[in-house]
Amino acid sequence: MGFKERLKEKRLEAGLTQVQLAEMVSVTARTIQNYELGARKPTKLEIVEKIAAALNTTTDYLLSSSEMYVLEAQEQGGTKAAKDIDALVSEVTGLFAGGELSEDALEGAMKALNDAYWIAKEKNKKYTPKKYKESGEKTE
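Keep in mind the model is a prediction, meaning the values are calculated, not measured.

*Asks:* Explain the packing of helix 1 (residues 3-13) against helix 3 (residues 29-37) here, please?
*Replies:* Helix packing geometry: the angle between the two helix axes and the distance between the axes. For the pair helix 1 and helix 3, interaxial distance at closest approach is 7 Å and the crossing angle is 120°. With respect to their mutual orientation, helix 1 and helix 3 come out oblique. Residues Phe3, Lys4, Leu7, Lys8 and Arg11 of helix 1 pack against Ile32, Tyr35, Glu36 and Leu37 of helix 3. Of the residues in the contact of helix 1 with helix 3, the class split is 5 nonpolar, no polar and 4 charged.

Below is the structure:
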């Protein structure tokens, strides 16, 4: 079960409409609808925290660990980083699907890859041309 299913489940448990939840979280009803349809996902942890508070649950319940990695990547490095982490997480999950790897071991593998991604990204900054470093432009 992913974010969209857990969001809808908790919203219905709370007896709220999409419009009511949207007002509580300060987003549009269309945004909540898109989240529940899986057409969009929150791009900021702050929004997920507001949703969790409104639904009397936790962000850990609403987001799987892989969804949390993608959301953190979005906040830390933008859309490209989120796509990169999403691809890494999908590949790791697919690699171990149906295997005998425990949830803890899978989580450890995903965390290690996530950490390696950010370390590599930081090390690669030294190869950024000076003209981009000085002007503050992103090279992504």
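*Asks:* Got a minute to help me understand unusual backbone geometry in this structure?
*Replies:* With glycine set apart, most residues show a phi of negative sign, and most peptide bonds adopt trans. A positive phi angle, close to 65°, is found at serine 26, a residue other than glycine. Residue position: serine 26 is located in the loop between helix 2 (18-25) and helix 3. Assessed through its relative accessible area of 61%, serine 26 is described here as exposed. For asparagine 56, which is not a glycine, the phi torsion comes out positive at approximately 55°. Take asparagine 56: it is sitting in the loop between helix 4 (45-54) and helix 5 (59-62). A relative accessible area of 70% means that asparagine 56 is categorised as exposed.

*Asks:* What is the right way to look at the side chain of threonine 57 in this model?
*Replies:* Tracing the sequence through the fold places threonine 57 in the loop between helix 4 and helix 5. Residues in contact with threonine 57, not counting those within four places in the same chain, are Lys10, Ala52 and Leu62.

Rules behind the numbers
- For every chain, the first residue of its written sequence is number 1, and the numbers climb from 1 along that sequence.
- For this predicted model, a pLDDT threshold of at least 70 governs which residues receive local features, and a threshold of 80 or more governs which side-chain atom pairs are given and counted, while totals over whole chains, interfaces and linings are taken from all residues.
- Side-chain numbers come from the whole structure's heavy atoms, not from hydrogens or water.
- Orientation is described by lines fitted to C-alpha atoms, with helices fitted over the stretch in contact, and by angles between N-to-C directions that extend from 0 to 180 degrees.
- Strands here are runs of E lasting at least two residues and helices are runs of H or I lasting at least four, both read from the DSSP assignment and numbered beginning at the N terminus.
- Every angle not falling under 35 degrees, over 145, or within 65 to 115 is termed oblique; those three ranges are roughly parallel, roughly antiparallel and roughly perpendicular.
- Any two residues whose heavy atoms approach within 4.5 Å at even a single point are treated as in contact.
- Put simply, Ala, Val, Leu, Ile, Met, Phe, Trp, Tyr, Cys and Pro go in the nonpolar bin, Asp, Glu, Lys and Arg in the charged bin, and everything else, Gly too, in the polar bin.
- Summary of the burial criterion: residues with accessible area below 20% of their type's maximum are buried, those above 50% are exposed, and those between are partly exposed, where the area comes from a 1.4 Å probe applied to protein chains only.

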